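The residues making up each chain are set out below.
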Amino acid sequence: MLALGGLIPLLLALHSVGATSPGAAWRWLRGADHGLPYHTSLLNPLTALWGIARSLIYAPYPHEASLAAVIALSALGVASWGALLALRRIPGAAVRPADDGLRSLCLWWLPPLALFGVLFYPSDTERWIFALPLVALWLAPLPGRAAALVIALMAAANLLAFDLPAARDRSGRERAAEVDRHTGRGDLIVSPGNGWDEMLGFSTRAPARRFILIYFVGEERSLSAAVARMHRSIARAQAAGERVFVARLEDRSDRRGFKELAWFGLSPDGFAALFARYRPRPSALAGLWELSPP
């Protein structure tokens, strides 16, 4: 029954999108990559374990905080899982009659989630968050004082950790706000994406239009189609007399966005070369270049 309970919604979803053959079903499931196929490797299971640890204790990515902070908070996540498992082993810590049912539920619920998590961006906590309710059921009820102490320590660690990236480095947010103050409606800003350029427009009510290349690569599922679309957007804006800028044209310190573009064969130098025809010149704002009509 548990197997049918998990299988029926999936079959209904597949039917609703017309994915009625195994091949079509697999292509639909692969759509979870948002058009940016994750490059799987032997390191995926280790990355997945880190994502599972991060689902309990917020640990920033290496580009968000110091390596020491990343390691320390990741270790707290591993320790939190260890503490929860230790509580489970305390006599009387769980409702024993429910064990068989929960074990069956684990059998049908967790493997598909785990496979999905390992294949698609396994370090992201949202890959694992749906498994946590089942873990909570399996662990409950926990011993009162011990459970309260573990939960309190986890809550305190998350409260302290959550602001670490922002406390360390606000330069991206400040840079985007500075660009927002000097651009607006009637401007177009092209960027690779996944860096500070994604915060453009957050600090103004009249933001410039944006063309985030990696978004359109995912939408088009093609680098060449996305680049062609970008050039058309630039041409329309320049024909209308609008200012056109490119952000992060020579950003060597932040791999975000460029790493994903490299999956499609576009290097940082290749990204810069896309704008050679527009003779980019540095603007008065750091990280922003203005483009001229070709």
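Coordinates for the structure precede this section.
These numbers were taken from a predicted model, which means no experiment stands behind them.

(A) Seen up close, the overall build of the protein chain. Helix and strand counts for the protein chain stand at 13 helices and 5 strands. Burial status across the protein chain gives 39% buried among its 294 residues. In the protein chain, once contacts between residues fewer than 6 apart in sequence are set aside, the share between residues at least 24 apart is 61%.

(B) Representation of helix 9 (residues 171-182) in the model. With 12 residues, helix 9 extends 17 Å between its outermost C-alpha atoms, agreeing within 8% with the 16 Å of an ideal straight helix rising 1.5 Å per residue. Within helix 9, burial applies to Gly-172, Ala-176, Ala-177, Val-179 and Asp-180. The arc enclosing the buried residues of helix 9, seen along the axis, measures out at 160°, which places them on a common side. Away from the buried face of helix 9 by more than 90 degrees, exposed residues Glu-174 and Arg-181 are located.

(C) Region of the structure containing the packing of aromatic side chains. Summed over all chains, the structure comprises 5 aromatic pairs. Ring geometry for Tyr-121 and Trp-263: centres 6.3 Å apart, planes at 40°, overall tilted. On the criterion of sequence distance, the pair formed by Tyr-121 in the loop between helix 5 (99-119) and helix 6 (132-139) and Trp-263 in the loop between helix 12 (258-262) and helix 13 (268-273) is long-range, its members being 142 residues apart. Classification of Tyr-121 as buried rests on a relative accessible area of 16%. You can call Trp-263 partly exposed: its relative accessible area is 22%. Look at Phe-258 and Phe-271: their rings are 5.6 Å apart centre to centre, the planes differ by 80°, and that puts the pair in the edge-to-face class. Highlighted residues: Phe-258 in helix 12 and Phe-271 in helix 13, separated in sequence by 13 residues. When sorted by exposure, Phe-258 lands in the same class as Phe-271, which is buried. Its end group placed over the ring of Tyr-61, Arg-54 keeps NZ or CZ at 4.3 Å from the ring centre.

(D) Spotlight on the nonpolar core. Formed by 29 residues in total, the largest nonpolar core has its most connected members in Leu-213, Val-217, Met-230, Ile-234, Phe-271, Leu-274 and Phe-275. At the level of elements, strand 1 (187-191), strand 2 (209-212), helix 10 (213-220), helix 11 (223-239), strand 3 (243-247), helix 12 and strand 5 (288-291) are the ones that each hand at least two residues to this core. The element that contributes the greatest number of residues to this core is helix 11, accounting for 6 residues. Ranked by size, the runner-up nonpolar core spans 13 residues in total, among them Ala-59, Trp-81, Val-135 and Ala-157.

(E) Representation of the pattern of salt bridges in the model. Tallying each qualifying case throughout the model produces 11 salt bridges. The residue Arg-243 makes a salt bridge to Asp-187 at a minimum N-O spacing of 2.8 Å. Within this pair, whereas Arg-243 is found in strand 3, its partner Asp-187 is found in strand 1, the two being separated by 56 residues in sequence. Arg-243 sits in the partly exposed class, given a relative accessible area of 35%. Exposure remark for Asp-187: the relative accessible area of 5% places this residue in the buried category. Linking Asp-251 and Arg-248 is a salt bridge whose minimum nitrogen-to-oxygen distance equals 2.9 Å.

(F) Inspection of the sheet that holds strand 5 at higher detail. Ordered by their spatial adjacency, 5 strands build an open sheet running 2-1-3-5-4, and the pairing between neighbours is mixed. Both edges of this open sheet fall to strand 2 and strand 4 (281-282), since each of them pairs with a single strand only. Sheet topology places strand 1 next to strand 2; 4 bridges connect them, and they run parallel. Bridged to Leu-188 within strand 2 is Arg-209. Those strands touched by helix 10 are strand 1 and strand 2, and its axis lies near 60° from that of strand 2.

(G) Region of interest: the packing of helix 4 (residues 67-88) against helix 7 (residues 144-161). Contact pair helix 4 / helix 7: the axes reach a minimum separation of 11 Å and the direction vectors enclose 165°. As the angle between them shows, helix 4 and helix 7 are arranged roughly antiparallel. Judged by the sense of rotation from one axis to the other, the crossing of helix 4 with helix 7 is left-handed. Contacts from Leu-73, Leu-76, Ser-80, Ala-83, Leu-84 and Leu-87 of helix 4 reach helix 7 at Ala-146, Ala-147, Val-150, Met-154, Ala-157 and Ala-161. Residue classes in the contact of helix 4 with helix 7 are distributed as 11 nonpolar, 1 polar and no charged.

Quick notes on the rules
Residues numbered from 1 in each chain as written. Predicted model: local features only at pLDDT ≥ 70, side-chain atom pairs only at ≥ 80, totals over all residues. Heavy atoms only, no water. Helix = DSSP H or I, 4+ residues; strand = E, 2+ residues; numbered from the N terminus. Buried < 20%, exposed > 50% of the residue type's maximum accessible area, 1.4 Å probe, protein only. Contact = heavy atoms within 4.5 Å. Expected span 1.5 Å × (residues − 1). Arc of directions from axis to C-beta. Phe/Tyr/Trp six-rings, centres within 6.5 Å; stacked < 30°, edge-to-face > 60°. Lys NZ or Arg CZ within 6 Å of the ring centre and 35° of its normal. Core = buried A, V, L, I, M, F, W, Y, C linked by side-chain atoms within 4.5 Å. Salt bridge = Lys/Arg side-chain N within 4 Å of Asp/Glu carboxyl O. Pairing = 2+ DSSP bridges. Axes fitted to C-alpha atoms, helices over the stretch in contact; angles between N-to-C directions. Parallel < 35°, antiparallel > 145°, perpendicular 65-115°, else oblique. Left-handed = near helix turned anticlockwise from the far one by under 90°. Nonpolar A, V, L, I, M, F, W, Y, C, P; charged D, E, K, R; others polar.

Any functional reading would require information beyond the geometric quantities listed.
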